Amino acid sequence: MVKVCSVSAWSLAALVSSCAALTTELVLTNSVIAPDGYSIEAILVNGQTPGPVLSAQKGERIQVNVTDLLVDEAMNRSTTVHWHGIKQHGSAEMDGAAMITQCPIASGNSFLYDFTPVGQSGTFWYHSHFRLQYCEGLRGPLIIYDPDDPYLNMYDIDDASTIITLVDWYHVNAFAVGITDNAASTLINGVGRYQGGPQVPLSVLTVEQGKRYRIRLFNMACKPYYVFTIDSHVFTVIEADAELTSPLNADSIEIQPGQRYSFILVANQTVDNYWIHALPNYDTSYADGLNSAILRYVGALEEDPVDRSSTSTEPLAEQNLYALVDPAAPGVPEPGAADVSINLQSVWDDQLRFLINGYTYTPPPVPILMQILNGNVDASSLVPTGSVYTLPRNKTIELSIPGGQIQGPHPFHLHGHSFSVVRSAGSGSYNFANPVRRDTTSNGGSGDNVTIRFTTDNPGPWLFHCHNDFHLDQGMAVVFAEAPSDIASNVDASDTWKQLCTTYDALSPTERSLPMEQHRRRHMKKHQIGH
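Report on the accompanying structure. If you're wondering where the values come from, they're calculated on a predicted model, not measured in any experiment.

Quick look at the overall build of the protein
For step 1, the next point in the chain: When helices and strands are tallied, the protein shows five helices and 31 strands.
For step 2, the next point in the chain: Over its C-alpha trace the protein gives a radius of gyration of 22 Å, about what one expects of a compact globule, namely 24 Å for 531 residues.
For step 3, the next point in the chain: Sequence-distant contacts, at least 24 apart, represent 75% of the contacts inside the protein between residues at least 6 apart.
For step 4, the next point in the chain: The centroid of the 30 positive side-chain charges in the protein is displaced by 4 Å from the centroid of its 54 negative side-chain charges.

A few points about the packing of aromatic side chains
To describe a pair of aromatic rings, one takes the distance between the centres and the angle between the planes.
For step 1, the next point in the chain: Tallied over the entire structure, the rule returns 17 aromatic pairs.
For step 2, the next point in the chain: Pairing Phe464 with Phe480 gives two aromatic rings, centres 6.0 Å apart and planes at 45 degrees, and the pair type is tilted. Of this pair, Phe464 sits in strand β30 (residues 460-466) while Phe480 sits in strand β31 (residues 477-482), and the two are 16 residues apart along the sequence. Per residue, the accessibility class of Phe464 equals that of Phe480, and both read buried.
For step 3, the next point in the chain: Among the aromatic residues, those joined into a cluster by ring pairs are Trp83, Phe111, Tyr113, Phe115 and Tyr126.

Things to note about the state of the cysteines
For step 1, the next point in the chain: Applying the stated criterion to the full structure yields two disulfides.
For step 2, the next point in the chain: Here Cys103 connects covalently by a disulfide to Cys501, the sulfurs 2.1 Å from one another. Between Cys103 and Cys501 the sulfur-sulfur dihedral comes to about 95 degrees; the bridge is accordingly right-handed. Placement of Cys103 in the loop between β5 (82-84) and β6 (110-115) and of Cys501 in helix α3 (residues 495-505) is noted, with a sequence separation of 398 residues between them.
For step 3, the next point in the chain: For Cys501, a relative accessible area of 6% translates into the label buried.
For step 4, the next point in the chain: A sulfur-sulfur separation of 2.1 Å characterises the disulfide bridge that pairs Cys135 with Cys222. What sets the handedness of the Cys135 and Cys222 disulfide is the S-S torsion sign, and at about -115 degrees it is left-handed. Highlighted residues: Cys135 in the loop between β7 (122-127) and β8 (139-145) and Cys222 in the loop between β12 (212-219) and β13 (226-230), separated in sequence by 87 residues.
For step 5, the next point in the chain: A relative accessible area of 5% means that Cys135 is categorised as buried.
For step 6, the next point in the chain: The exposure class assigned to Cys222 is buried, which follows from its relative accessible area of 1%.
For step 7, the next point in the chain: Sequence-ordered numbering of the bonded cysteines in the protein gives a disulfide pattern of 1-4, 2-3.

Structural notes on the sheet that holds β30
For step 1, the next point in the chain: Taken together, five strands build an open sheet; the order of strands is β23-β31-β30-β25-β28 and the sheet is mixed. Edge positions in the sheet fall to β23 (388-391) and β28 (440-442), since each of these pairs with one other strand and no more. Put simply, the sheet's adjacent strands are angled 20 degrees from each other on average, direction ignored.
For step 2, the next point in the chain: Pairing of β23 with β31, which is carried by four bridges, proceeds in the parallel orientation. Paired with Val388 across the two strands is Val479, which belongs to β31.

Quick notes on the sheet that holds strand β20 (residues 340-343)
For step 1, the next point in the chain: Read across the open sheet, the five strands follow the order β20-β24-β29-β26-β27; overall the sheet is mixed. The sheet is open, and its two borders are formed by β20 and β27 (437-438), each paired with just one other strand.
For step 2, the next point in the chain: Taken together, the four bridges between β20 and strand β24 (residues 396-402) define a ladder with parallel strand orientation. Of the residues in β24, the one forming a bridge with Ile342 is Leu399.

A closer look at α3
For step 1, the next point in the chain: Trp497, Leu500, Cys501 and Tyr504 are the residues of α3 that are buried. Axial view of α3: buried residues confined to an arc of 85 degrees, hence all on one face.
For step 2, the next point in the chain: Of the surrounding secondary structure, the elements contacted by the buried residues of α3 are β6, α1 (368-373) and α4 (509-512).

What about the pairing of strand β9 (residues 163-169)?
For step 1, the next point in the chain: In terms of residue burial, β9 counts as a mostly covered element, since seven of its seven residues are buried.
For step 2, the next point in the chain: Residue alternation in β9 divides its side chains into two sets, Ile163, Thr165, Val167 and Trp169 and Ile164, Leu166 and Asp168, and both sets are buried.
For step 3, the next point in the chain: As paired strands, β9 and β12 are joined by four bridges and run parallel to one another. Note that in β12 the partner of Leu166 across the bridge is Asn219.
For step 4, the next point in the chain: Direction of pairing for β9 relative to strand β10 (residues 185-188): antiparallel, over a ladder of four bridges.

Points about the side chain of Asn65
For step 1, the next point in the chain: If you trace the backbone, Asn65 turns up in strand β4 (residues 62-68).
For step 2, the next point in the chain: On the basis of relative accessibility, which here comes to 1%, the residue Asn65 falls in the buried class.
For step 3, the next point in the chain: Reaching out from Asn65, the side chain makes a polar contact with the side chain of Thr67 at a distance of 3.5 Å.

What about the nonpolar core?
For step 1, the next point in the chain: Counting residues in hydrophobic clusters, the biggest one holds 54 residues, and the most contacted among them are Leu26, Leu54, Val66, Trp83, Tyr113, Tyr126 and Leu142.
For step 2, the next point in the chain: In contact with Leu26, not counting residues within four places along its chain, are Val45, Asn46, Pro52, Leu54, Val64, Asn65, Val66, Thr67, Trp83 and Tyr126.

So, unusual backbone geometry
For step 1, the next point in the chain: Note the cis peptide between Thr49 and Pro50, where omega equals -10 degrees.
For step 2, the next point in the chain: Along the polypeptide, Pro50 turns up in the loop between β2 (40-45) and β3 (54-57).
For step 3, the next point in the chain: Going from Gly408 to Pro409, the amide bond is cis rather than trans, its omega being 0 degrees.
For step 4, the next point in the chain: Mapping Pro409 onto the fold places it in the loop between β24 and β25 (411-414).
For step 5, the next point in the chain: The backbone of Met99 shows a phi angle near 65 degrees, a positive value even though the residue is not glycine.
For step 6, the next point in the chain: Position of Met99 among the secondary structure elements: in the loop between β5 and β6.
For step 7, the next point in the chain: We note that Asp326 has phi near 40 degrees; this positive angle belongs to a residue other than glycine.

Cut-offs and rules
Residues numbered from 1 in each chain as written. Predicted model: local features only at pLDDT ≥ 70, side-chain atom pairs only at ≥ 80, totals over all residues. Heavy atoms only, no water. Helix = DSSP H or I, 4+ residues; strand = E, 2+ residues; numbered from the N terminus. Rg over C-alpha atoms; globule rule 2.2 N^0.38 Å. Contact = heavy atoms within 4.5 Å. Lys, Arg positive; Asp, Glu negative; His and termini not counted. Charge placed at Lys NZ, Arg CZ, Asp CG, Glu CD. Phe/Tyr/Trp six-rings, centres within 6.5 Å; stacked < 30°, edge-to-face > 60°. Buried < 20%, exposed > 50% of the residue type's maximum accessible area, 1.4 Å probe, protein only. Disulfide = S-S within 2.5 Å. Pairing = 2+ DSSP bridges. Axes fitted to C-alpha atoms, helices over the stretch in contact; angles between N-to-C directions. Arc of directions from axis to C-beta. Polar contact = N/O pair within 3.5 Å; in protein donor to acceptor, adjacent residues only side chain to side chain. Core = buried A, V, L, I, M, F, W, Y, C linked by side-chain atoms within 4.5 Å.

Below, the structure is given as structure tokens:
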């Protein structure tokens, strides 16, 4: 529950300033749940997954106290929370990336995330950034509303009822998910069905004929991308990853892990029920309500829709999205003409690891931010060796991310920035005039050379990684130490923040993070409730 700013209403008043517009607490616990009818241990946020919707207004301060009451070592007891899409200008210590910007919160402890998103509004989310925890349920939506949204006149309703979250759900511990294993079910707004399972009531999105809705669509999955459709309805896309786009019509949306879209849905069809589908890249079936939810018009009977599916004629293509505000990509409008150009070549080795430019990212024993605050400002002195790149301040950076790797395409996400996608997956052309700006993009398939640009105007250590969480855990990441000599003057390394490491380092090695094989063994020993 989001609490209005009030010292008297806040149990941790000594910790939380009374001036925050979003002041709330997230309590993390383990519990058995059955969102698709199959009972399994999970991580809950305030007793639910996905976690509660957090919302604020543009320019408002956000303070969220995270209390870790996790007890199940098979899902790790320590944790962090990352605020996906929030750039953390001047607050890199609040980014929530484990062993990059903080030590994890140990079980039985709390940490107050306190930041003000500078100039940002739109569709964000929060999730654990420690090992595979968000696959177990630690994730939820974060919306920052803009009272001056230029598209306000295009929709009538934009609230918690117009949020759609897509999640892959497994019937085993995340560490037991094999390389080629697929999810047991797709959860839409927290519920779904699996093949051969019970007829769990599906999520229902209720609309009134004639009204216009701003739908905020999230892919919170750990692994698959989805093709999202609503029978008989066309969308007008207006936002990609908290960045406004010129309006673009589409009748289907491919959405990668970590990505978000806002689109206008006009309820202009006959009063009835219509299928909502989110087809994962490994499946082709909607039978018995798999990968589905229901769009229900007010006045329609409470029954399953009839099948009105049809072949998409206007699929969303990223290269057709154009930034609405300050649309030009930074720097000289030619490939390779940025101040700093880096090619990031990923490969898969025989030890089941991903390497980028020859190195597998492994979490360091000391957070990279703390290493920098301790005076290590050169790439040669920062660990993990080979995975940290230092970038100069106020320069244009160009990253090229060739596709075609095993288990692709790979959705790459950059912390600390949005970026201009000057060459998208599936396109051989470059657009420097008005490319879509976002924070997560697919690197495509063989022959693709996805290219992005951003400006180093935000000192901090920023993770750049595949948002398939299994691939991140297998090392598919690098860190950009941006303007490292300026970081100390741009963060607030409080005693409370430093205490996270003191507490975490005092834990036994198995309390900090179990090796993967121990995770699997402990999970197999647990009592299983199921079919």
